[in-house]
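Structural features, examined
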Amino acid sequence: MDLFGVSMIIPLLSHHVKALGASPTVAGIVGSTYGILQLFSSTIVGSWSDVVGRRYSLLTCLLLSTLGYCLLGMSTSITLFVLSRIPVGLFKHSLSICRALLSDLVSECERPVVMGHFNAASSVGFILGPVVGGYLTEHEGGFYTSSFTCAAIFLVNAGLVWMLPWSETLLHRDDTNSSNNSNTVCHDKHCSKTVSNGSHANQTLGKQRRSLMSREVLLLQPAWRQLSSVGSKIHMVASSDMWDLFLVRLLMAVAIMLYYSNFSLAMEERFSLKPKVTGYLISYSSTLGALAGFLVGPVTKLYGNISALLLHSTVLTCSLIFLYAAAPSVWQVLLSSTFFAISTTIGRTCITDLELQRGGVQASGTLIGAGQSVTAVGRVLAPLLSGLTQEFSPCGPPSLGVVLALAAVGLLLIRIPTWENRGTTKPARLVD
């Protein structure tokens, strides 16, 4: 539901900013507002969820995101548009918190499969969202209707988080995990040990329960103590040796964002497609991306090496961006879209799993938040680069994306042997 609402809005933002009278460069600067705020807030909110718990932080983010999309529905000028992006940029972290929650509940061996399924479920929102948004924008006031609909969806999500028996569900899941961990054999070569029941399982369950209790206590503590805990976790990530993973994430994030940045506008200028038809194309690609999420588990077992899978998905993504940039017809765009969502879905799952392997799950919210902060840097750069390159050609953004993706491929070729020599599962000094 989260991404269904957001996907109604994202393809329409460039059209709306242009309708408000902004030039491509100004639209790029305005679009960077969201990325700048995400840059500073992602790691902080992720670390805050480690401190006070997932439920409280998730509820806060959903409610304040609702406020932001309500303001977006009232934006009739560039100033109001920028103001509406502030609460969304600061608190639109519901997916990151959900990913951190999943990493808390599953073993390292199960994590790629579960994350793949989660990404698949998230991608389902992109199937109908662009179609509905494209349909509404062809009617008078369609953008504003889409914005208020998105706000209503976030409000419903907040209500579900409030009503669900959260703590009881977590403790029940812990009990289930502790009983099911016996004789579980992992297929990835980095986690091929058999996990036995008994004292180890009881110790793990006790640690999980104590962690939940400590979060409830921290929630009642003064704000300064919460901030101190947040700062400590952020410092652990900042002092870790994970720069190569974060740089790959940044390069690919910018490349993918450049692919999508002017997609609707480029389809109109290059092939005279209406927004509704472009919405169908985006939904088609998202459908394949959702299905790809269910393939992550089997593909991971087939490869037996997350690093190799990340390299190959990055090469495929780079090739597909080039195919789109050079497409002489809509049919070639359709071909690139067919495989693009698949490659990016697998790549996102791989990079997240590698970050958690290298950093450990003790600060999963902080690690995932740090990854989102890196992605937020891409959200700052991508609109600016997209606006500048569009001044030369509608194919400018994806052409630059090809260059950045090639740089990511080169970095992976250099660094993967280093990861394998020292072991990617070795924690990168993130012990509290």
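Residues numbered from 1 in each chain as written. Predicted model: local features only at pLDDT ≥ 70, side-chain atom pairs only at ≥ 80, totals over all residues. Heavy atoms only, no water.

**Details of the overall build of the protein chain**
- When helices and strands are counted, the protein chain shows 18 helices and two strands.
- Across the 432 residues that make up the protein chain, the buried fraction comes to 53%.
- Long-range contacts, defined here as pairs at least 24 residues apart, represent 84% of the contacts in the protein chain between residues at least 6 apart.
- Counting every atom, the protein chain has about 18900 Å² of accessible surface; 68% of that belongs to carbon and sulfur. (Helix = DSSP H or I, 4+ residues; strand = E, 2+ residues; numbered from the N terminus. Buried < 20%, exposed > 50% of the residue type's maximum accessible area, 1.4 Å probe, protein only. Contact = heavy atoms within 4.5 Å. Areas by Shrake-Rupley, 256 points an atom, 1.4 Å probe, with all protein chains shown as cover.)

**What to know about the packing of aromatic side chains**
- One pass over the full model with this rule turns up six aromatic pairs.
- When the ring of tyrosine 259 is compared with that of tyrosine 324, the centres are 4.6 Å apart and the planes differ by 50°; the resulting orientation is tilted. Here tyrosine 259 is found in helix α11 (residues 243-261), whereas its partner tyrosine 324 is found in helix α15 (residues 306-325), with 65 residues between them in sequence. Exposure class is identical for tyrosine 259 and tyrosine 324. Each is buried.
- With centroids separated by 3.9 Å and ring planes inclined at 15°, the aromatic side chains of tyrosine 259 and phenylalanine 340 adopt a geometry described as stacked. One end of the pair, tyrosine 259, is in helix α11; the other, phenylalanine 340, is in helix α16 (residues 330-359), with 81 residues separating them in the sequence.
- Among the residues examined, phenylalanine 340 registers a relative accessible area of 0% and is labelled buried.
- Counting every residue linked through ring pairs, the aromatic cluster contains Tyr259, Tyr260, Tyr324 and Phe340.
- Across the ring face of tryptophan 162, the terminal group of arginine 55 is positioned such that the distance to the ring centre comes to 5.8 Å. (Phe/Tyr/Trp six-rings, centres within 6.5 Å; stacked < 30°, edge-to-face > 60°. Lys NZ or Arg CZ within 6 Å of the ring centre and 35° of its normal.)

**Focus: the environment of leucine 72**
- Locating leucine 72 in the fold gives a position in helix α3 (residues 54-72).
- Residue contacts for leucine 72: discarding those within four places in its chain leaves Ile9, Leu13, Phe81, Ser84, Phe143, Tyr144 and Ser147.

**Thoughts on α3**
- Taking 1.5 Å of rise per residue, the 19 residues of α3 would be expected to cover 27 Å, and the 27 Å separating its terminal C-alpha atoms lies within 8% of that figure.
- The set of residues buried in α3 consists of Arg54, Ser57, Leu58, Leu59, Cys61, Leu62, Ser65, Thr66, Gly68, Tyr69 and Leu72. (Expected span 1.5 Å × (residues − 1).)

**With respect to the nonpolar core**
- Counting residues in each nonpolar core, the largest one holds 57 residues, and the members touching the most others are Phe263, Met267, Tyr324, Val333 and Leu412.
- The greatest single-element share of this core, amounting to twelve residues, is contributed by α11.
- Leaving out residues up to four positions away in the same chain, tyrosine 324 has contacts with Tyr259, Phe263, Ala266, Met267, Arg270, Val333, Ser336 and Pro398.
- Core analysis: the second largest hydrophobic core is formed by 24 residues, Tyr34, Val45, Cys150 and Ala158 among them. (Core = buried A, V, L, I, M, F, W, Y, C linked by side-chain atoms within 4.5 Å.)

**Observations concerning the state of the cysteines**
- Following the criterion strictly, the structure yields zero disulfides and no others.
- Looking at cysteine 98, it has no disulfide partner, and the nearest cysteine sulfur is the one in cysteine 61, 9.9 Å off. (Disulfide = S-S within 2.5 Å.)

**A closer look at the confidence of the model for the protein chain**
- Residue-level pLDDT values for the protein chain average 75, and 77% of them are 70 or greater.
- The secondary structure element of the protein chain with the lowest average pLDDT is strand β2 (residues 194-195), at 38, and the one with the highest is α15, at 91.
- Of the regions scoring below 50 in pLDDT, residues 168-218 engages in 55 contacts with residues more than four places distant in sequence or in other chains.
- Residue range residues 424-429 is modelled with pLDDT below 50. Its contacts to residues more than four positions away, or to other chains, number 22 contacts. (pLDDT = per-residue confidence, 0-100.)

**Some points on the packing of α3 against helix α7 (residues 142-163)**
- Packing of α3 against α7 brings their axes to within 8 Å, and their N-to-C directions diverge by 165°. Taken together, α3 and α7 sit at an angle that is classed as roughly antiparallel. In the packing of α3 onto α7, the handedness of the crossing is left-handed.
- In terms of residue class, the contact of α3 with α7 is built from 18 nonpolar, four polar and one charged. (Axes fitted to C-alpha atoms, helices over the stretch in contact; angles between N-to-C directions. Parallel < 35°, antiparallel > 145°, perpendicular 65-115°, else oblique. Left-handed = near helix turned anticlockwise from the far one by under 90°. Nonpolar A, V, L, I, M, F, W, Y, C, P; charged D, E, K, R; others polar.)

**Considering the pattern of salt bridges**
- The final tally for this structure, using the stated rule, is two salt bridges.
- The closest approach of N and O atoms between aspartate 244 and arginine 415, which form a salt bridge, is 3.0 Å. Of this pair, aspartate 244 sits in helix α11 while arginine 415 sits in helix α18 (residues 396-422), placing them 171 residues apart in sequence.
- The exposure class of arginine 415 is buried, given its relative accessible area of 15%.
- For arginine 249, the salt bridge identified is with glutamate 355, shortest N-O distance 2.8 Å. Of this pair, arginine 249 sits in helix α11 while glutamate 355 is found in helix α16, placing the two residues 106 residues apart along the sequence.
- Given a relative accessible area of 2%, glutamate 355 falls into the buried group. (Salt bridge = Lys/Arg side-chain N within 4 Å of Asp/Glu carboxyl O.)

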